[in-house]
Amino acid sequence: MDKHINDRDYGTTFTDIDMENSFRYAGFWRRFIAVIIDYVIVSVLVLPLAVIIDTLAPGSIVLQVPFDALTAERVISTKSTEEKNSDGSTTVVEARRIEVTVLGKWTYLYSERIKHFAGKTEKTRRLLDPKTETELRETQSSNIAILVLIVYWSLMESSRFQASIGKRALGIRVVDEHGRRLTTLRALGRNASKVFSVITLMVGFAMAGWTKNKQALHDIIARCYVILADNGDTKA
């Protein structure tokens, strides 16, 4: 006998047995665009907070604008050297000092190391103290934005909307394996699990493009689905 479960926000009835035929799943690109929208919104909101923190405690945070908007870079110095590899080949290494100015006011000094080998380029960048040129490990505003995003996604996905602003704009929402709204704890677990999608070199996110129910790795871990908001009773 099928057990029917009612979605408390949408009045849609699903069954435990026929879940696969109950959802129309959201694909990778729709989800990707929703993430971009949310990232921009949260980053813009976090920026004034970062400015306040830096004003109260100068040098305690590195300001960053989404997609490096309103950010200027200037190469101060460049030096190229060659490194011998164990196989006898040579790798060209380019060392730079770069000055980055954000919003025309906040300026930071970075050391950049670029390795050219086998037709590939490997780049690393480190923040430096402008006086001593020693490496600094300051908090970046983008890191704060990521933490805020996790909390924001969790609260919105467990709300009556079942979706963040970005997801709502793209007409999608998040449900559990029974088609119900997520609890706050489960939503938090789902979003915290995105770290596994990141450490797989983003393959965990890309899985939403080819898995049977269009689930990313963190969806599978949390047993959740991202579906179309106007979900019908037809298979995706």
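Our structure is the block above this text.
Residues numbered from 1 in each chain as written. Predicted model: local features only at pLDDT ≥ 70, side-chain atom pairs only at ≥ 80, totals over all residues. Heavy atoms only, no water.

Draft legend 1. Representation of helix 4 (residues 184-192) within the structure. For helix 4, the complete set of buried residues consists of A187, R190 and N191. All buried residues of helix 4 fall inside an arc of 90° around its axis, so they share one side. Turning to helix 4, the residues buried within the fold contact helix 1 (28-56), helix 2 (141-157), strand 9 (172-176), helix 5 (194-199), helix 7 (217-222) and strand 10 (224-228). (Buried < 20%, exposed > 50% of the residue type's maximum accessible area, 1.4 Å probe, protein only. Helix = DSSP H or I, 4+ residues; strand = E, 2+ residues; numbered from the N terminus. Arc of directions from axis to C-beta. Contact = heavy atoms within 4.5 Å.)

Draft legend 2. Here's a closer look at the pattern of salt bridges. Evaluation of the coordinates by the stated rule reveals 17 salt bridges. The partner of E99 in a salt bridge is R74, with the nearest N and O atoms 3.2 Å apart. Taken together, the residues span a long stretch of sequence, with E99 in strand 5 (residues 90-102) and R74 in strand 4 (residues 71-84) at a distance of 25 residues. Of the residues examined, E99 reaches a relative accessible area of 24% and is grouped as partly exposed. In this structure R74 comes out as partly exposed when scored by relative accessible area, which is 45%. Residue E135 pairs with R137 through a salt bridge whose shortest N-O separation is 3.6 Å. Taken together, the salt bridges that share partners define one network made up of R31, E157, K167, R190 and D219. (Salt bridge = Lys/Arg side-chain N within 4 Å of Asp/Glu carboxyl O.)

Draft legend 3. Up close: the layout of surface pockets. Quantified by volume, the largest pocket comes out at close to 690 Å³. Residue lining of the largest pocket: 25 residues in total, with V35, W153, K194, V198 and F205 positioned closest to the centre. Listing elements by their share of the lining of the largest pocket, those giving two or more residues are helix 1, helix 2, helix 4, helix 5 and helix 6 (203-206). The element that contributes the greatest number of residues to the lining of the largest pocket is helix 1, accounting for 7 residues. Here the residues of the lining of the largest pocket are counted per class, giving 19 nonpolar, 2 polar and 4 charged. Roughly 210 Å³ of internal volume is contained in the second largest pocket. Looking at the lining of the second largest pocket, the elements with two or more residues in it are strand 3 (61-62), strand 6 (106-117) and strand 7 (120-128). Residue contributions to the lining of the second largest pocket peak at 4 residues, all from strand 6. In the lining of the second largest pocket, the residues fall into 9 nonpolar, 2 polar and 3 charged. (1 Å grid on protein atoms, 1.4 Å probe; cavity = no way out; pocket = protein on both sides within 12 Å on 5 of 7 lines; lining within 4 Å. Points joined across faces, edges and corners; volume = space filled by probe spheres on them. Nonpolar A, V, L, I, M, F, W, Y, C, P; charged D, E, K, R; others polar.)

Draft legend 4. Geometry of the sheet that holds strand 5. Sheet architecture is open: 4 strands sit in the order 4-5-6-7, paired in antiparallel fashion. Strands with a single pairing partner mark the edges of an open sheet, and in this sheet they are strand 4 and strand 7. On average, each strand axis in the sheet is inclined to that of its neighbour by 20°, with strand direction left out of account. As defined by bridge partners, strand 5 adjoins strand 6 across 11 bridges and the pair is classed as antiparallel. (Pairing = 2+ DSSP bridges. Axes fitted to C-alpha atoms, helices over the stretch in contact; angles between N-to-C directions.)

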